[in-house]
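Each chain is listed here by its residues.
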Amino acid sequence: HVLRRPIIMYGVHSIKNYRDEVVGLAQHQGIYLPFMLDKSQCSTNPVALGYVRGHYVALVGEEKDASGAASVMLPVTTPDGELLPVHFLRDAEVGRETALVREWLPCHSLDGVLCAEQRCDPRMQRPEACQTLMSRYTEDLRRRFAAKATEDADGESRQTLRNEATD
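Each residue is numbered by its place in its chain's sequence as written, counting from 1. Restriction of local features to residues with pLDDT of at least 70 applies here, the model being predicted, together with a cutoff of 80 or more for giving and counting side-chain atom pairs; totals for whole chains, interfaces and linings are based on all residues. Side-chain calculation: all heavy atoms of the structure are included, whereas hydrogens and water are not.

(A) Spotlight on the layout of surface pockets. A volume near 210 Å³ is recorded for the second largest pocket. Here a cavity denotes a set of grid points, spaced 1 Å apart and computed over the protein atoms alone, in which a 1.4 Å probe fits but from which it cannot get out, and a pocket denotes an open set meeting protein on both sides within 12 Å along at least five of seven lines; residues with an atom within 4 Å of a point are reported as lining. Contributing to the lining of the second largest pocket are Val-12, Ser-14, Ile-15, Lys-16, Asn-17, Tyr-18, Asp-20, Tyr-51, Val-52, Arg-53 and Gly-54. Only DSSP runs of H or I covering at least 4 residues are called helices, and only runs of E covering at least 2 are called strands; the numbering of each starts at the N terminus. Where the lining of the second largest pocket is concerned, the elements lending two or more residues are strand E2 (14-16) and strand E5 (47-52). The element that contributes the greatest number of residues to the lining of the second largest pocket is E2, accounting for three residues. Each residue receives one of three labels: charged for Asp, Glu, Lys and Arg, nonpolar for Ala, Val, Leu, Ile, Met, Phe, Trp, Tyr, Cys and Pro, and polar for the others, Gly being one of them. Here the residues of the lining of the second largest pocket sort into five nonpolar, three polar and three charged. Grid points are joined across faces, edges and corners, and a volume is the space filled by probe spheres set on the points.

Below is the structure:
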C-alpha cells in the first residue's frame, strides 16, 4: 500500500446504534502489513490508528523532550492476550501470524505483552515544513482553548449575575 509501513488498528469490537444496541461486528481492529511490497521497500515503523463510532483517529505518543528521539510501545495483542488479527493473509501465511508480525515489526515483550515499537524522530530532525505546520496547529489550538475558556468564564459570570439579581 502507499504508506509502505505496517498499520496497527485499534477499535471497538461491535458497532452499536443510537440506542446502544449491537447491530454488527466491527472488523477494523488488527494489523495490516504491506504484503504487496518487498520488505526492503518498506519502513518497519508502524502507524497506529483508532476506529471509534465510524471515525479513524491517528494515535500518537506523548512527546516528553523535543530534542531527543522517543519510542512508544504499541500492544499487538487483545486484552485477552490473543494476537490482533492480521488482515489479508494468503493461504500459505495462515497460522504464521506471530512470525509475520515479528518479521515486519520491531517487537518486544513487556510484562508478557507482545508490543511493536513505534519510533519518533526528534522534533529538530523533522522537515521544516512539518515543524511549521505543527507550530501553526498547536498555536491555533492554544488560541481556541483560550477563547473557549474566556467564553466559558464570561458565561459563568453572566449566569452568576443573573442568579444574584433574581435572589
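(B) Looking closely at the pattern of salt bridges. Salt bridges are counted wherever a side-chain nitrogen of Lys or Arg sits within 4 Å of a carboxyl oxygen of Asp or Glu. Taken as a whole and assessed by the stated rule, the structure comprises eight salt bridges. Here Arg-19 makes a salt bridge to Glu-21, at a shortest N to O gap of 3.3 Å. Note that Glu-103 is salt-bridged to Lys-39, the shortest N-O span being 2.8 Å. Remark: Lys-39 occurs in the loop between strand E4 (30-32) and E5 and Glu-103 occurs in helix H1 (residues 97-104); sequence separation between them is 64 residues. A residue is classified by how much of its surface remains accessible, and Lys-39, at 40% relative accessible area, is partly exposed. One network of salt bridges, with partners in common, ties together Lys-39, Arg-96 and Glu-103. Only protein chains enter the accessibility calculation, which uses a 1.4 Å probe; a residue whose area is less than 20% of its type maximum is buried, one above 50% is exposed, and one in between is partly exposed.

Geometry only, nothing functional implied.
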